[in-house]
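Geometric and topological summary
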Amino acid sequence: MNFPYLSRYQPVLLSVFRFVTGLLLFQYGMTKLFHIPQVAVFANPPPLIWTAGLIELVLGATLMIGLFTRLSAFILSGEMAFAYFLGHVFHISKEGPAVFLPLLNGGTAAILFCFACLYLAAAGGGAISVDALMGKESEATGGAFARR
């Protein structure tokens, strides 16, 4: 099935996708650093989790406004891959065998964030972003590989 009428919304939907992804990561940073909202898992985070929260807070905010989108998203993608393997597969805080299946290790969100940010690193910030205002993104698709 083809929906050609939806393609005209691609630049705006890319911006919405970027904003929502940044907002969700920002939320994780807020709960890890400031306990807003309070989540039992992050009540007393070790330094590695606190550092991840700082990255998520700052780069999630830059994603929301679309500033340095490609770089921010690339760093966040790597952080989420790191989080998946250290925090979910190999359980740095627990003993026992590695669990690779995301449904069993609770790492589904980390994988999804990893690939969402990897996509944003390739696609850019979209039409509604600070990057687009500064002229760092193409008006056509919001990305570096605009049709010529």
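Keep in mind that this is a model prediction, so the values were computed, not measured.

Secondary-structure assignment places alanine 132 in helix H6 (residues 130-133). Given the relative accessible area of 24%, alanine 132 is considered partly exposed. It is 26 Å that separates the C-alpha atoms of alanine 132 and tyrosine 28, two residues lying 104 residues apart in sequence. In this structure, alanine 132 is in contact with Gly126, Ala127 and Glu137, ignoring residues within four places of it in sequence.

To continue, consider the confidence of the model for the protein chain. Within the protein chain, residue pLDDT values average 90, and 91% of them lie at 70 or more. For the protein chain, helix H4 (residues 102-105) is the element with the lowest average pLDDT, namely 92, and helix H5 (residues 108-123) is the one with the highest, namely 98. Within the model, the stretch residues 140-148 combines pLDDT values under 50 with 20 contacts to residues more than four positions away or in other chains.

What follows is about the state of the cysteines. Per the stated rule, a full pass over the model turns up zero disulfides. The closest cysteine sulfur to the non-disulfide-bonded cysteine 117 is located on cysteine 114, 7.8 Å from its own sulfur. According to the relative accessible area criterion, cysteine 117 is buried, its value standing at 0%.

This part takes up the UniProt feature "transmembrane region" (unreviewed entry) in the protein chain. Here the UniProt feature "transmembrane region" (unreviewed entry) sits at residues 12-28, 48-67, 74-93 and 99-121. The straight-line gap between the two end C-alpha atoms of residues 12-28 is 25 Å; of that span, 100% is helix and 0% is strand. A distance of 25 Å separates the end C-alpha atoms of residues 48-67, which is 90% helix and 0% strand.

What counts as what
- Residues numbered from 1 in each chain as written.
- Predicted model: local features only at pLDDT ≥ 70, side-chain atom pairs only at ≥ 80, totals over all residues.
- Heavy atoms only, no water.
- Helix = DSSP H or I, 4+ residues; strand = E, 2+ residues; numbered from the N terminus.
- Buried < 20%, exposed > 50% of the residue type's maximum accessible area, 1.4 Å probe, protein only.
- Contact = heavy atoms within 4.5 Å.
- pLDDT = per-residue confidence, 0-100.
- Disulfide = S-S within 2.5 Å.
- UniProt positions renumbered as here; feature names shortened; annotations may be inferred.

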